[in-house]
Amino acid sequence: MGKQKQQVISRFFAPKPKINDSSTPPTAPPSSSSPISSPKISATVSFSPAKRKLLSSHLTSSPKRPKLSPHTQNPIPTPSVHQKFLEKLLEPSPGIPQPSSTQSSIPKKYTPLEQQVLDLKNKYPDVLLMIEVGYKYRFFGEDAEIAARVLRIYAHMDHNFMTASVPTFRLNVHVRRLVSAGYKVGVVKQTETAAIKAHGDNKTGPFCRGLSALYTKATMEAAQDVGGREEGCGGESNYLCCVVDKSVLLENADRGFDTRIGFIGVEISTGDVVYSEFDDVFLRSGLEAVVLSLSPAELLLGDPLSKQTEKLLLTYAGHYSNVRVERASRDCFNDGGALAEVMSLYENMAEAKAEDSEKEVGWTEHGNNHLDIEGIMNMPDLAMQALALTIRHLKQFRLEKILCLGASFRTFSSNMEMNLSANTLQQLEVLRNNSNGLESGSLLHVMNYTLTVSGSRLLRHWVTHPLCDRNMISARLDAVSEIAESVGSYRASQNVGSIDEENSDVAIVQPDFYSLLSTVLTNLGRSPDIQRGITRIFHRTATASEFISVIQAILHAGKQFQQLHAEDEHNNKKVRAKTVRSVLLKKLIFTVSSSSVVGNAVKLLSTLNKEAAERGDLANLIVIHNDQFQGVASSRKAVQLAKEKLDSLICLYRKQLKMHNLEFMSVSGNTHLIELPADVRVPVNWVKVNSTKKTTRYHPPEVLTALDQLSLANEELMVISRAAWDNFLRGFEKYYAEFQAVVQALAALDCLHSLACLSKNKNYVRPVFVDDSEPVQIHISSGHHPMESIVR
């Protein structure tokens, strides 16, 4: 019996079929007498069409430049091993027939959501979009691949797009990580809720979605939802700098200048606006000093730009700097278009204020804006072009209003301050050390004893722009000396009052100034950044809890400093408060503790419910009084009526079921349930929600209708409450200049306190200036370099 043939159990183990080539005749089988020759081994290598196309293009074409990312304009990195594996995995097998050209020309069928994604990407091609879908934010297409690489999340194919997602409650974290990587991130939210959608015209279509916010490094801290938390930023400034230039005339070129530069620097989260226009040399040392002093997080280049200017800026924004660069054409500003752009912004703002009587009153009350705008109109031509480009750039973030406040504008250098060169800042290690480029070990680090974030930012400006006016230097030294003298000398608990019998007045010795100042600054250091908080309120991006904490911090500081200059009638006798001697300190303290600031702070806080703000309860946030916010009041009444109507239905079911103790109950988020024994019969139209072994829970149709009406009323209340909160923040605009002055005064007090602490710790003494009639001289006795302590 012959050997049984083994059965092939898989096609992978089956012998390959022999292919007869018709072009060559079959060879005769070898005879048994012929010697056995070694078989001829031949190999055939085949490539897929995609590989053949790639190979041919690689062999024939010249080397191509690396592909640039549409988001950051940086070269796209080499694909990782994981990406190569995915490409290999998704490549079609050679044995599978490739689709013909007629099949590939068939248009793809997109889902309604995918069609929305396509429309949004066409509208915002340079933005990395995070699209809200349910309880997640999803990325699509190339955005999903970028998110997977930066956020270390999983991306996969879904219908026609590669997609990735993150949960909604992690929006803040993921937006910051993407922005830190240099991307412009846009958040697309659903503009309607399920309850409103069910009662609207879009019942069967997808949720309406729209771009709600844009985020970049310079706009992050001022933005809504994710700003104001200072994660990874601290006290560092995030300036947006716009730079333009033009060639100078020949007579200026004889002095070594070959170009004229105009720039605008905007710190959007604090409201600081710096501008300048100056002639610069071929190496752009003047522009380099500006960049090193401001350390911008974003650069806006006004094309066309000279090669030397562009080279310097792009060198600063190198690959490791993480500085974002964006370009904007300024061709439209050649014939006075820049001034028209700026004027249109101010005209629109004036019209918006004129529409509302309250805001019109606020405009006239604090009415030196006309003079401020005139000052802006007198800016040099190139600086005006940079301002117009910045306005156009910030409009997409809805943050351009910060450029309407002329009081926030200041020149980069003035006659009262020294203008340090870039070489000076670097060689003297004023801002960064020369070892590793960090702030630790620099002059600023040695001098910084500030207790608040805003004070730290102001001290940086003081260090990089030393005073050169004798009167201003003396005023600052007087303030520092007075604070230093009071260190360790206060006896607040032993302060007593003494009666002056001659004048029949009461002389009150106030608590020690240093004790009061250090207490106020320490409390402010524990509070959120009030300078950024005030500006976020102006941008209408602040939360209710943030608003209350910032205004309360300013109110507390004002009331504390009022003790130093209080004048009141006490038992028909005038009370004279013992106050400070320094003129600068008096000015700063009066700015912080003026009765106008304290009164406005109390007025603003009385409009908000603190408990509701802490809970994030926007519906109960506004305190209604003096016939204000009537829309909120009527919506709250509608919600209350809907609740009462829903609760009253229990009486109907008690009679219907003859159960006098019947009550509504809630289980697992389902409210107003009627729980009955399992053997009790109910009407057919009652909806069974859930059940146990012995009981069953129902929703009667009347309850479902009432719940639907209550949900709709709540949604309408939220919409009206959100609009009321926005109007409340809009009304803060008339107080912004006053509160911003308070914040700047507190920052100056912090810097003076820091210099006083430095002088006590390092045993520094006050310099003595010679008279103008005496010869110029400098005499130092037993001095040492401030950086000596670090070197030791």
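Just so it is clear, the model here is predicted, and its values are computed rather than measured.

(A) Representation of the overall build of the protein within the structure. When helices and strands are counted, the protein shows 28 helices and 20 strands. Taking all 792 residues of the protein together, 40% fall into the buried category. Nonlocal contacts in the protein, meaning residues at least 24 apart in sequence, comprise 67% of its contacts between residues at least 6 apart. Carbon and sulfur atoms make up 54% of the accessible area of the protein, which amounts to about 46200 Å² in all.

(B) The packing of helix α5 (residues 142-151) against helix α6 (residues 171-180), seen in detail. At their nearest, the axes of α5 and α6 sit 10 Å apart, and the two run at 95° to each other. Here α5 lies roughly perpendicular to α6, going by the angle between them. When α5 is examined against α6, the residues A147, V150 and L151 are found in contact with a partner set consisting of H174, R177 and L178. Of the residues assigned to the contact of α5 with α6, the class counts are four nonpolar, one polar and one charged.

(C) Layout of the sheet that holds strand β3 (residues 156-158). Strand order across the open sheet formed by six strands is β3-β4-β2-β1-β5-β6, with mixed pairing between neighbours. Each edge of the open sheet carries a strand with a single partner, namely β3 and β6 (209-215). Each strand axis lies, on average, 40° off the axis of its neighbour in the sheet, ignoring direction. As paired elements, strand β1 (residues 128-133) and strand β2 (residues 136-140) share three bridges and run antiparallel to each other. What sits directly across from E132, in β2, is Y137. Along the sheet, α5 makes contact with β1, β2 and β4 (161-167), crossing β2 at roughly 115°.

(D) Spotlight on helix α9 (residues 285-294). Three or more residues of α9 are buried, namely L287, A289, V290, V291, S293 and L294. Tucked inside the fold, the buried residues of α9 contact β7 (240-247), β8 (257-267), β9 (272-281), α10 (307-316), α15 (422-427) and α17 (453-464). After α9 finishes, the residue S295 shows a positive phi value of roughly 50°.

(E) Main features of the sheet that holds strand β10 (residues 298-303). Strands sit in the order β11-β10-β7-β8-β9-β12 across an open sheet of six strands; the sheet is mixed. Across the chains shown, the open sheet's two edge strands, defined by having one partner strand only, are β11 (324-329) and β12 (409-411). Taken pair by pair, the neighbouring strands of this sheet meet at an average axis angle of 20°, ignoring direction. Pairing geometry for β10 and β11, over six bridges, is parallel. Bridging from a neighbouring strand, D303 pairs with S329 of β11. Sitting on the sheet, α10 is in contact with β7, β8, β10 and β11, with an inclination near 160° to β10.

(F) Layout of the pairing of strand β18 (residues 670-677). Sheet topology note: the strand β17 (residues 665-667)/β18 ladder contains two bridges and is antiparallel. Counted as the bridge partner of M665 is L673 from β18. Following β17, the chain reverses through two residues before pairing antiparallel with β18; S668 in that reversal takes a positive phi of roughly 55°. Summarising the sheet, β18 and strand β20 (residues 695-699) pair through four bridges and their orientation is antiparallel. Along β20, the bridge assignment pairs I674 with Y698.

(G) A look at the pattern of salt bridges. Taken as a whole and judged by the stated rule, the model has 28 salt bridges. Between E326 and R324 there is a salt bridge, with the nearest N and O atoms lying 2.7 Å from each other. R324 gets classed as buried once you look at its relative accessible area, which sits at 4%. Between E546 and R536 there is a salt bridge whose closest N-O contact spans 2.9 Å.

(H) Main features of the nonpolar core. Of all hydrophobic cores here, the largest spans 123 residues; its most connected members are L387, F547, F561, F732 and F739. Broken down by element, the residue count for this core peaks at 15 residues, all from helix α27 (residues 733-762). In contact with F732, not counting residues within four places along its chain, are I534, I537, F538, F547, I551, L604 and F739. Counting residues in each nonpolar core, the second largest holds 25 residues, with M130, F139, V179 and V185 among its members.

(I) Geometry of the side chain of T696. Tracing the backbone shows T696 in strand β20. Excluding residues that lie within four positions of it along the chain, T696 makes contacts with I674, E675, L676, A678, K688, N690 and S691.

(J) Highlighting the packing of aromatic side chains. A full pass over the atoms with the stated rule returns 13 aromatic pairs. The interplanar angle of 80° and the centroid separation of 6.1 Å between the aromatic rings of F547 and F732 together place this pair among those described as edge-to-face. Taken together, the residues span a long stretch of sequence, with F547 in helix α21 (residues 544-561) and F732 in the loop between α26 (701-731) and α27 at a distance of 185 residues. An aromatic cluster is present here, built from F547, W725, F728, F732, Y735 and F739 joined pairwise through their rings. Geometry around W462 places R476 over its ring, the cationic atom sitting 3.7 Å from the centre.

(K) Expanded view of unusual backbone geometry. With omega at 0°, the peptide bond leading from D303 into P304 counts as cis. Despite not being glycine, H159 shows a phi value in the positive range, around 60°.

(L) Structural view of the environment of R722. Assignment of secondary structure puts R722 in helix α26. Remark: the alpha-carbon pair of R722 and L618, spanning 104 residues in sequence, is separated by 6.9 Å.

(M) The packing of helix α20 (residues 530-538) against α21, seen in detail. Across the interface, α20 lies against α21 with an axial gap of 10 Å and an inter-helix angle of 125°. By the angle class used here, α20 and α21 are oblique. Here the hand of the crossing between α20 and α21 comes out left-handed. Between α20 and α21, the contacting residues are I530, G533, I534, R536 and I537 on the first element and E546, F547, V550, I551, A553 and I554 on the second. For the contact of α20 with α21, the per-class residue count stands at eight nonpolar, one polar and two charged.

(N) Expanded view of helix α18 (residues 470-485). The end-to-end C-alpha distance of α18 is 22 Å, a good match for the 22 Å that 16 residues give at a rise of 1.5 Å each. Within α18, burial applies to R476, L477, A479, V480, S481, E482, I483 and A484. Summarising the contacts, the buried residues of α18 are in contact with α17, α19 (513-526), α22 (583-593) and α27. By the N-cap criterion, in which a side-chain oxygen at the helix start approaches the backbone nitrogen of a residue two or three places on, α18 is capped by D469, the distance to N471 being 3.3 Å.

(O) Geometry of the confidence of the model for the protein. Averaged over every residue, the pLDDT of the protein is 80; residues scoring 70 or more account for 74%. A low-confidence stretch, residues 19-45 (pLDDT under 50), is modelled with zero contacts involving residues beyond four sequence positions or located in other chains. Low pLDDT (under 50) marks residues 490-510, which in the prediction has 32 contacts with non-local residues, meaning those over four places away or in another chain.

(P) Representation of the side chain of R209. Examined against the element boundaries, R209 turns out to sit in strand β6. Notably, R209 is buried but unbridged: the nearest opposite-charge side chain belongs to E132, and the N-O separation is 6.6 Å. At 2.9 Å, the side chain of R209 and the side chain of Q116 are in polar contact. A polar atom in the side chain of R209 sits 3.4 Å from the side chain of Q190.

Criteria and cut-off values
Residues numbered from 1 in each chain as written. Predicted model: local features only at pLDDT ≥ 70, side-chain atom pairs only at ≥ 80, totals over all residues. Heavy atoms only, no water. Helix = DSSP H or I, 4+ residues; strand = E, 2+ residues; numbered from the N terminus. Buried < 20%, exposed > 50% of the residue type's maximum accessible area, 1.4 Å probe, protein only. Contact = heavy atoms within 4.5 Å. Areas by Shrake-Rupley, 256 points an atom, 1.4 Å probe, with all protein chains shown as cover. Axes fitted to C-alpha atoms, helices over the stretch in contact; angles between N-to-C directions. Parallel < 35°, antiparallel > 145°, perpendicular 65-115°, else oblique. Nonpolar A, V, L, I, M, F, W, Y, C, P; charged D, E, K, R; others polar. Pairing = 2+ DSSP bridges. Salt bridge = Lys/Arg side-chain N within 4 Å of Asp/Glu carboxyl O. Core = buried A, V, L, I, M, F, W, Y, C linked by side-chain atoms within 4.5 Å. Phe/Tyr/Trp six-rings, centres within 6.5 Å; stacked < 30°, edge-to-face > 60°. Lys NZ or Arg CZ within 6 Å of the ring centre and 35° of its normal. Left-handed = near helix turned anticlockwise from the far one by under 90°. Expected span 1.5 Å × (residues − 1). Polar contact = N/O pair within 3.5 Å; in protein donor to acceptor, adjacent residues only side chain to side chain. pLDDT = per-residue confidence, 0-100. Lys, Arg positive; Asp, Glu negative; His and termini not counted.

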